[in-house]
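Structural characterization, general
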Amino acid sequence: MEGIFFALIGAALFSQSWYMLGVYSEGRTVGLFVGGIGLLVIGAVLLSPASTLTDSGSAWMLLTGEGTKPYAWLAQTMVMKTLILAWGLYAVGVAAHGLWDFDEKAIGFYSVFLTVLSGIAFMYFAVELEPLYGTAAWLGISAATLFLTVLAAMMFITLSFTFNVMRVVTGWFILVGGSVVAIIGLLVLSTAISSFS
């Protein structure tokens, strides 16, 4: 689930960056694309039983009590699902702005919540994932949540206070950061697929 989430949110941020840079003059195009991604993300988090990162070892840890924290998988799943749901709602908010021309300040102020939530998730994953799942999973998930934290903070500053000078800088950061998050998502997804085969 993590890989799909990072790939979809990266694609949504990539699309939003083109709108912020002024390449898309019509917000409805971005609204339809980002809204579709947001609904996919929300649907995925509501319909999936657990995360792919923790599926492989969680049942064994629960049954045997092995590992440093037998119920760590539950906390990791809750943190990840909360993060996914919050970013999915963000994508729906961007879509509403694009489709119905709502004020961008609402997206900016919601980005404060995203910044705090993504920062907490980053700190949690940076501390908890490495001992249980190894360096590759720890580095990928932590790096993606760090990028999301920085991007959410930049969107808050730019959209809440309408700094038009920062709009281009934030657009480029979202373009590059969204691409990096999507690439990390594809790498996590390919690693999860190869581990199941």
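Residues numbered from 1 in each chain as written. Predicted model: local features only at pLDDT ≥ 70, side-chain atom pairs only at ≥ 80, totals over all residues. Heavy atoms only, no water.

A closer look at the packing of aromatic side chains
Put simply, the test is: In this scheme Phe, Tyr and Trp rings, the latter by its six-membered ring, pair at centre separations within 6.5 Å, and the angle between planes marks the pair as stacked below 30 degrees, edge-to-face above 60, and tilted otherwise. The helix count covers DSSP runs of H or I at least four residues long, the strand count covers runs of E at least two residues long, and both are numbered beginning at the N terminus. Under the scheme applied here, a residue whose accessible area is under 20% of the maximum for its type counts as buried, over 50% as exposed, and between as partly exposed, the area being computed with a 1.4 Å probe on protein chains only.
Summed over the entire model, instances satisfying the criterion amount to seven aromatic pairs. A centroid spacing of 5.6 Å and a plane angle of 50° characterise the contact between Tyr110 and Phe113, whose relative ring orientation is tilted. One end of the pair, Tyr110, and the other, Phe113, are both in helix 5 (residues 104-133), three residues apart, so they sit about a helical turn from each other. According to the relative accessible area criterion, Phe113 is partly exposed, its value standing at 43%. Between Phe156 and Phe161 the ring centres are 5.4 Å apart and the planes differ by 70°, which places this aromatic pair in the edge-to-face class. Every member of this aromatic cluster is reached through a ring pair, and the members are Phe109, Phe156 and Phe161.

A closer look at helix 6 (residues 135-160)
We count it as follows: For a helix, the expected span equals 1.5 Å multiplied by the residue count minus one.
A rise of 1.5 Å per residue sets the reference length of helix 6, with its 26 residues, at 38 Å; its end C-alpha atoms lie 37 Å apart and thus fit the reference within 8%. Count one or two residues on from helix 6 and you reach Thr162, which has phi positive near 45°.

Overview of the environment of Val30
What counts here: Residue contacts follow a heavy-atom distance rule, with two residues in contact if any of their heavy atoms lie within 4.5 Å.
Residue placement: Val30 occurs in helix 2 (residues 27-47). Discounting chain neighbours no more than four positions away, the residues touching Val30 are Ser15, Gln16, Tyr19, Tyr24 and Gly35.

Re the packing of helix 1 (residues 2-20) against helix 2
Any two packed helices are characterised by the angle at which their axes cross and by the distance between the axes. What counts here: In this description, a line fitted to the C-alpha atoms serves as the axis of each element, helices being fitted only across the stretch in contact, and the angle between N-to-C directions of two axes falls anywhere from 0 to 180 degrees. Roughly parallel covers angles under 35 degrees, roughly antiparallel covers those over 145, roughly perpendicular covers 65 to 115, and oblique covers all other angles. Rotating anticlockwise by less than a right angle from the far helix to the near helix defines a left-handed crossing, while the corresponding clockwise rotation defines a right-handed one. Under the scheme applied, nonpolar residues are Ala, Val, Leu, Ile, Met, Phe, Trp, Tyr, Cys and Pro; charged residues are Asp, Glu, Lys and Arg; polar residues are all the others, including Gly.
One can describe the packing of helix 1 onto helix 2 by two numbers: an axis separation of 10 Å at closest approach and a directional angle of 165°. Overall, the two elements helix 1 and helix 2 adopt an arrangement that is roughly antiparallel. Between helix 1 and helix 2 lies a crossing whose hand is left-handed. On helix 2, the residues that touch Phe5, Leu8, Ile9, Ala11, Ala12, Ser15, Gln16 and Tyr19 of helix 1 are Gly27, Val30, Phe33, Val34, Ile37, Leu40 and Val41. By residue class, the composition of the contact of helix 1 with helix 2 is twelve nonpolar, three polar and no charged.

Here's the deal with empty space enclosed by the protein
Formally: The pocket and cavity definitions rest on a 1 Å grid over protein atoms only: a 1.4 Å probe that fits but cannot leave marks a cavity, an open set with protein on both sides within 12 Å along at least five of seven lines marks a pocket, and residues lining either have an atom within 4 Å of a point. Grid points are joined across faces, edges and corners, and a volume is the space filled by probe spheres set on the points.
A complete count under the given rule lists three cavities of 30 Å³ or more for this structure. Considered as a void within the structure, the largest cavity measures approximately 60 Å³ in volume. In terms of lining, the largest cavity is formed by Gln16, Tyr19, Gly27, Val30, Val94, His97, Gly98, Glu104, Ile107 and Leu159. Residue contributions to the lining of the largest cavity peak at three residues, all from helix 4 (residues 72-100). Classifying every residue of the lining of the largest cavity by side-chain character gives five nonpolar, four polar and one charged.

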